[in-house]
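Notes for the structure review
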Amino acid sequence: QVQLVESGGGLVQAGGSLRLSCVASGRTFSSDGLGWFRQAPGKEREIVAAINWSGGTTYYADSVKGRFIISRDNAKNAVYLKMNSLKPEDTAVYYCVLVVRYGSTWKPSPISSWGQGTQVTVSS
């Protein structure tokens, strides 16, 4: 089974930036979509961004559009999330996962499991 390990989270002031990284092990995922999800305390997990296998198609939640950038490096089996202009409401645990695209919707792949995630805390 594919294992994904997230890193790069931390504490940052509002308006600041962070770059999250996610590296996969178990097999290569150069033919898979990848996504970043987040879960804030007391809230459901939600998709933040997704990218297809080639990097040619991306998706962003409305709440992060224009501020976050998802990218991938298939040679390194890695996916990244650059987060700019961070807001307190971006505070959450961020997870990466393989995703499958169904039309305009991206959902976690059944072959991917949730990792530990990385905590992002934005102070006001």
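Residues numbered from 1 in each chain as written. Predicted model: local features only at pLDDT ≥ 70, side-chain atom pairs only at ≥ 80, totals over all residues. Heavy atoms only, no water.

1. Considerations on the environment of cysteine 22
Keep this limit in mind: Runs of H or I in DSSP of at least four residues are treated as helices and runs of E of at least two as strands, each being numbered from the N terminus. Burial classes follow relative accessibility: with a 1.4 Å probe on protein chains only, a residue under 20% of its type's maximum area counts as buried, one over 50% as exposed, and anything between as partly exposed. Any pair of residues with heavy atoms lying within 4.5 Å of one another is described as a contacting pair.
Structurally, cysteine 22 is set in strand 3 (residues 18-25). Take cysteine 22: its relative accessible area is 0%, and that puts it in the buried class. In sequence terms cysteine 22 and tryptophan 36 are 14 residues apart; their C-alpha atoms lie 9.3 Å from each other. Aside from chain neighbours lying at most four places away, what touches cysteine 22 is Leu4, Val5, Glu6, Trp36, Asn77, Ala78, Val79 and Cys96.

2. Looking at the pattern of salt bridges
What counts, and what does not: A side-chain nitrogen of Lys or Arg and a carboxyl oxygen of Asp or Glu constitute a salt bridge if their distance falls within 4 Å.
Under the counting rule described, the total for this entry stands at four salt bridges. A salt bridge links glutamate 46 to arginine 38; the shortest N-O distance between them is 2.8 Å. Overall, glutamate 46 belongs to the partly exposed group, its relative accessible area being 37%. A residue is classified by how much of its surface remains accessible, and arginine 38, at 6% relative accessible area, is buried. The shortest N-O distance in the salt bridge between aspartate 90 and arginine 38 comes to 2.9 Å.

3. Here we look at the nonpolar core
In plain terms, the rule: Among buried residues, those of type Ala, Val, Leu, Ile, Met, Phe, Trp, Tyr and Cys that are joined through side-chain atoms within 4.5 Å constitute a nonpolar core.
Ranked by size, the top nonpolar core spans 29 residues in total, and within it Trp36, Leu81, Met83 and Tyr94 carry the most contacts. Listed in part, the six residues of the second largest apolar core include Phe37, Ala50, Val97 and Trp106.

4. Some details on the environment of serine 124
The residue serine 124 is located in the segment after strand 11 (118-123) in this model. Looking at serine 124, the relative accessible area reads 88%, which means it is exposed. It is 30 Å that separates the C-alpha atoms of serine 124 and leucine 4, two residues lying 120 residues apart in sequence. Excluding its chain neighbours within four sequence positions, the residues that come into contact with serine 124 are Ala14 and Pro88.

5. Considerations on the sheet that holds strand 8 (residues 78-83)
Backbone-to-backbone hydrogen bonds join strands into a sheet, with any given pair of strands oriented parallel or antiparallel. Put simply, the rule is: Paired strands, in this sense, are two strands between which DSSP finds at least two bridges. As a rule, the C-alpha atoms of each element are fitted with a line to give its axis, helices using only the stretch in contact, and angles between N-to-C directions run from 0 to 180 degrees.
In spatial order, the strands read 1-3-8-7; together these four strands make up an open sheet with antiparallel pairing. A single partner strand is all that each edge strand has here, and the edge strands are strand 1 (3-7) and strand 7 (68-73). For this sheet, the mean inter-axis angle between neighbouring strands, taken without regard to orientation, is 15 degrees.

6. Looking at the state of the cysteines
Applied cut-off: Our working definition of a disulfide is a cysteine sulfur pair at a distance within 2.5 Å.
Using the criterion set out here, one finds one disulfide in the structure. Bridging cysteine 22 to cysteine 96, the disulfide has an S-S length of 1.7 Å. Of note, the bridge from cysteine 22 to cysteine 96 carries an S-S torsion of about 50 degrees and is right-handed in sense. Of this pair, cysteine 22 sits in strand 3 while cysteine 96 sits in strand 9 (residues 92-102), and the two are 74 residues apart along the sequence. Here the two residues cysteine 22 and cysteine 96 agree in accessibility, since each one is buried.

7. Things to note about the packing of aromatic side chains
Worth spelling out the cut-off: Pairs were defined over the aromatic rings of Phe, Tyr and Trp, the Trp ring being its six-membered one, requiring ring centres within 6.5 Å. Orientation was assigned from the angle between planes: stacked under 30 degrees, edge-to-face over 60, tilted for the rest.
Applying the stated criterion to the full structure yields two aromatic pairs. Taking 5.3 Å as the distance between ring centres and 85 degrees as the angle between the ring planes, the aromatic pair formed by phenylalanine 37 and tryptophan 114 counts as edge-to-face. With a gap of 77 residues between them, phenylalanine 37 in strand 4 (residues 33-39) and tryptophan 114 in the loop between strand 10 (105-108) and strand 11 connect regions that are remote in the sequence. Take tryptophan 114: its relative accessible area is 36%, and that puts it in the partly exposed class. Where tyrosine 95 meets tryptophan 114, the ring centres are 5.8 Å apart and the plane angle is 80 degrees; that geometry is what we call edge-to-face. Here tyrosine 95 is found in strand 9, whereas its partner tryptophan 114 is found in the loop between strand 10 and strand 11, with 19 residues between them in sequence. Taking the relative accessible area as the measure of exposure, tyrosine 95 reaches 11% and is therefore buried. One aromatic cluster in this structure is built from Phe37, Tyr95 and Trp114.

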